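# Summary of structural features
What follows is the residue order along each chain.
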Amino acid sequence: MKQFYFLYFLFFLIFQSWAQTSPSVTKYDLKKKRLLIQASSIYLYNSNQGAIDVDSSVVLACKAYKLPVSLTYDEGFNDGSYLIGKDLIEKGDTNSVKRLLAKSKGEDQIKLLIQLGNFYLFKPGTKPEDLQDAFLYIKEAVDSSNSLKLKKWQHQSLLLLGKYYFQANNQPEGKKYFSQVINECRKQNDKLGLADALDAYGTLLSNFDPEKEKTLQEAISLYAALGLEEKRIENYMKITTIYFWTGRIDEAKKRLYQNLIDLRKIGFTHQQFAETTIVFIELNQRNLKSALYYALKSIKRMDAEKDYTLGDIFYMRLGDVYNTMGHSEEALELYKKSIEIGQQTLNSGTWYKSFFSAVTALSLKGKNKEALDYINSMTAQYPPKIVFDKMSVAFIKANCYNGLKDNLQTEKYFKEMDYYAQQLTAPETFREVVYEYTLMALFYANTNRPQKAKFYTDKVFALCKANNKTYNSEVFQVLLFKIDSINGNYKGALTHFQNYKKLSDSIIGNTKNKQIEELKIEYETKNKEEKIKLLNDQSKLQESELQKSKLLNTLSIWSLILLLITIGLLYNRYRLKQRNHAKLELKEKEIKHKNTNLRHLLHEKEWLLKEIHHRVKNNLQTVISLLNSQSAYLDNDVALSAIKNSQHRIHSMSLIHQKLYNSENISTINMPNYIRELIEYLKESFNLGQRIRFEIKIDPLELDVAQAVPLGLILNEAITNSIKYAFPDDRSGMIFISLEATTKNRYLLTISDNGIGIDTDFSGKKINSFGMSLIKGLSDDLDAEFSMENNNGTILKIEFSQEFPINQKS
């Protein structure tokens, strides 16, 4: 089971890396840390396509996030509280653990025995002697727990013994111990113990074993009933992997989208492993919009979390999307970035695939000579180590030489590819192997060697049968079309070319239409020749019969006439149906064309509106800058204050246009975010520090820009007044801001402070205050009810109706 070629080196690095956990992981509790290990290790195992085993994937994930490997395997007996010997095990100091074991008794002794068994059983690069040591400690743990009659430790030691037999490739014996624990837990109605036993057993089963899905599904149901959401999600991901590898891609994709929802609910932010798998599936299904969305989302998530662990994976996947969309230059840059990250950080096995993709991007641009130079320099510096990479290098070289029309070199590297492909029997590499054999067969078909083309085509069919899978692609249909064309099977060739047409995303051009028409003509000509031959035979027979009887002659003539009339009528109906079908196809194309134009117009309109908001925001910022420049030439405090107030008012409007530009929704403003940013701006502008604090309570509300602008100006005026006048002599205080619903589509904005208060008598010159006049005028614009009172400070209330009630999700 242990096949990970660099585990010996990895073993020494792991314990050093535990000293400091990755910052993005410290926010997680023990359950979420274990979920992170599972999410990342499942992805690493799948993406490496059998090059590493499950245990090696776990080791790699733990190294990436600086977490102890033991977290994966000690779940049944490590709940985060103090565990004797745990710190020594994590450091790899087994000698100290053994000395501690000699002094321990009872339950402590069992805990140490199980930890030592775990350590040796899942030790990276396990040797036969490690497995033997693991067995001795596990067996002693079983005996000790039986003698003390401790059910929990009996079950834990038996489960570990079952894992040992699976590691030792004795699955029937391992299954016996798992079944014992499962049956005992069922009898005792121990739901948690049963769930853990089913989880441990199901995880070890092959993805192609039907019992695995059933076992894990029962574990999911039990974890859900127990409220253990992290464990439920973990097992849900394992079943998703089963669907992926057994060809149920649509069901796997559906579960991946559900997995994202589940992870958000529990506050688990490392969602990029599910997202990048969605990108892979959507890209293969030619859903480029969804693929691009989630590829970009993975990159943005890394930037937001400042967590670039395994970043080479996500840059490579975004490069794949750009490459498929025809943006090979951008794709090449992303592949190079993936390679750079992979070389400088942890080798997840991905950056070497990025190197392959970079060569492909160059080749697609017709730069085959440059691609060959690049691949030769890279393989000289970083030679491929595993069989899959060696096969891929040979295949890429063959394609580059094929692009240069060098058939001798092309065939040489295709044969080298075939040599390595024969060594890959894991089902995880099936898709790549059959694709490369398809290209090899197509090369022989294009160079007019039909026997070799058929030989490698038959290999594709044999691999499909051996793996109980189907394979279909555009290039495979082109291959079958070529072979049938060479063999003169024009009907079969036509069928395969039409299948290729269905699989192709682009509209068939004139050249392809011409090919189909030529095939139709060849096929129909051959059919007519056969019919003419048949009619001639009938004619000769009729002539011989004419000599026997005039009556038979007459009957034959009339029969022929009736036959021709029937054929004519049938042909006429056929032509009518063809014409009607052609008209319908033409109308359908027109409708599709119009729909495409409408989508383009809508997209352009949205971008135009965003650009307008962006420019308005820039213009307002320019005005603020001009006012700031003007203030440098003023000595009058009143004028300076007026300019400062004007800058605040303009910023409140500029912030709205900035929000509209950055938001997907270009017509409404998210008020909680907007108000909080406005307050932060005012705090920084007045240099408040901790002297004046704010208490904010804002209901989720989206407002049209026509209402958001007046409200922003009112908030600016009211808060500015409180800051400037409510707390004289540098007093401390609080400003309270709330925006809440009173009734349906009716909202109350309250701005209050606990300062010295304000004279609510608006007579005399106070009513002429520009700020107060502005608030009252803006309230009138909103058709709002305005009130102000003095109650242990100033309280200002604005009650208004939402002008355009909308669905908040729209």
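What this report covers is the structure whose coordinates are included nearby. (Residues numbered from 1 in each chain as written. Predicted model: local features only at pLDDT ≥ 70, side-chain atom pairs only at ≥ 80, totals over all residues. Heavy atoms only, no water.)

### Quick notes on the packing of helix H8 (residues 128-148) against helix H9 (residues 151-167)
- Between H8 and H9, the least distance of the axes is 9 Å, while the angle of their chain directions is 155°. As far as their axial angle goes, H9 and H8 are roughly antiparallel. Between H8 and H9 the crossing geometry is left-handed. In this structure, H8 contributes Leu 131, Phe 135, Ile 138, Ala 141, Val 142, Ser 145 and Asn 146 to the contact, and H9 contributes Trp 153, Gln 154, Ser 157, Leu 158, Leu 160, Leu 161, Tyr 164, Tyr 165 and Gln 167.
- Looking at the contact of H8 with H9, its residues break down into 11 nonpolar, 5 polar and no charged. (Axes fitted to C-alpha atoms, helices over the stretch in contact; angles between N-to-C directions. Helix = DSSP H or I, 4+ residues; strand = E, 2+ residues; numbered from the N terminus. Parallel < 35°, antiparallel > 145°, perpendicular 65-115°, else oblique. Left-handed = near helix turned anticlockwise from the far one by under 90°. Contact = heavy atoms within 4.5 Å. Nonpolar A, V, L, I, M, F, W, Y, C, P; charged D, E, K, R; others polar.)

### Re a positive patch on the surface
- On the surface, Arg 575, Arg 579, Lys 583 and Lys 587 cluster together to form a positively charged patch.
- With respect to the secondary-structure elements, Lys 583 resides in helix H28 (residues 550-631). (Patch = residues over 30% accessible without salt bridge, like charges linked within 9 Å, V, L, I, M, F, W, Y side chains within 5 Å. Areas by Shrake-Rupley, 256 points an atom, 1.4 Å probe, with all protein chains shown as cover. Salt bridge = Lys/Arg side-chain N within 4 Å of Asp/Glu carboxyl O. Lys, Arg positive; Asp, Glu negative; His and termini not counted. Charge placed at Lys NZ, Arg CZ, Asp CG, Glu CD.)

### Here's the deal with the sheet that holds strand S2 (residues 692-698)
- Ordered in space as S2-S4-S5-S7-S6, the 5 strands form an open sheet in which the pairing is mixed. The strands lining the two open edges of the sheet, one partner per strand, are S2 and strand S6 (785-790). Mean inter-strand twist for the sheet, computed between neighbouring axes without regard to direction, equals 10°.
- In the sheet, S2 pairs with strand S4 (residues 733-743) via 7 bridges, with the strands oriented parallel. Residue pairing in the sheet places Lys 697 in a bridge with Ser 738 of S4.
- Across the sheet, helix H30 (residues 671-686) touches S2 and S4, and the angle it forms with S2 is around 170°. (Pairing = 2+ DSSP bridges.)

### Remarks on the packing of aromatic side chains
- As enumerated under the stated definition, the model contains 23 aromatic pairs in all.
- Judged by centre distance (6.4 Å) and plane angle (70°), the rings of Phe 135 and Tyr 165 are edge-to-face. Here Phe 135 is found in helix H8, whereas its partner Tyr 165 is found in helix H9, with 30 residues between them in sequence.
- For the pair Tyr 257 and Tyr 294, a centre-to-centre distance of 5.6 Å together with 65° between the ring planes defines the contact as edge-to-face. Of this pair, Tyr 257 sits in helix H14 (residues 249-265) while Tyr 294 is found in helix H16 (residues 288-305), placing the two residues 37 residues apart along the sequence.
- Owing to a relative accessible area of 11%, Tyr 294 belongs among the buried residues under this scheme.
- The rings of Phe 395, Phe 414, Tyr 435, Tyr 437, Phe 443, Tyr 444, Phe 455 and Tyr 456 are connected pair by pair, giving a single aromatic cluster.
- Between the NZ or CZ atom of Arg 232 and the centre of the ring of Tyr 236, over which it lies, the distance is 6.0 Å.
- One cation-aromatic arrangement involves Arg 255 over Tyr 236; the distance from NZ or CZ to the ring centre is 4.4 Å. (Phe/Tyr/Trp six-rings, centres within 6.5 Å; stacked < 30°, edge-to-face > 60°. Buried < 20%, exposed > 50% of the residue type's maximum accessible area, 1.4 Å probe, protein only. Lys NZ or Arg CZ within 6 Å of the ring centre and 35° of its normal.)

### Let's talk about the environment of Ser 157
- Residue placement: Ser 157 occurs in helix H9.
- Taking the relative accessible area as the measure of exposure, Ser 157 reaches 1% and is therefore buried.
- For the pair Ser 157 and Ile 110, spaced 47 residues apart in sequence, the C-alpha separation works out to 8.6 Å.
- For Ser 157, the side chain forms a polar contact with the main-chain oxygen of Trp 153, separated by 2.7 Å. (Polar contact = N/O pair within 3.5 Å; in protein donor to acceptor, adjacent residues only side chain to side chain.)

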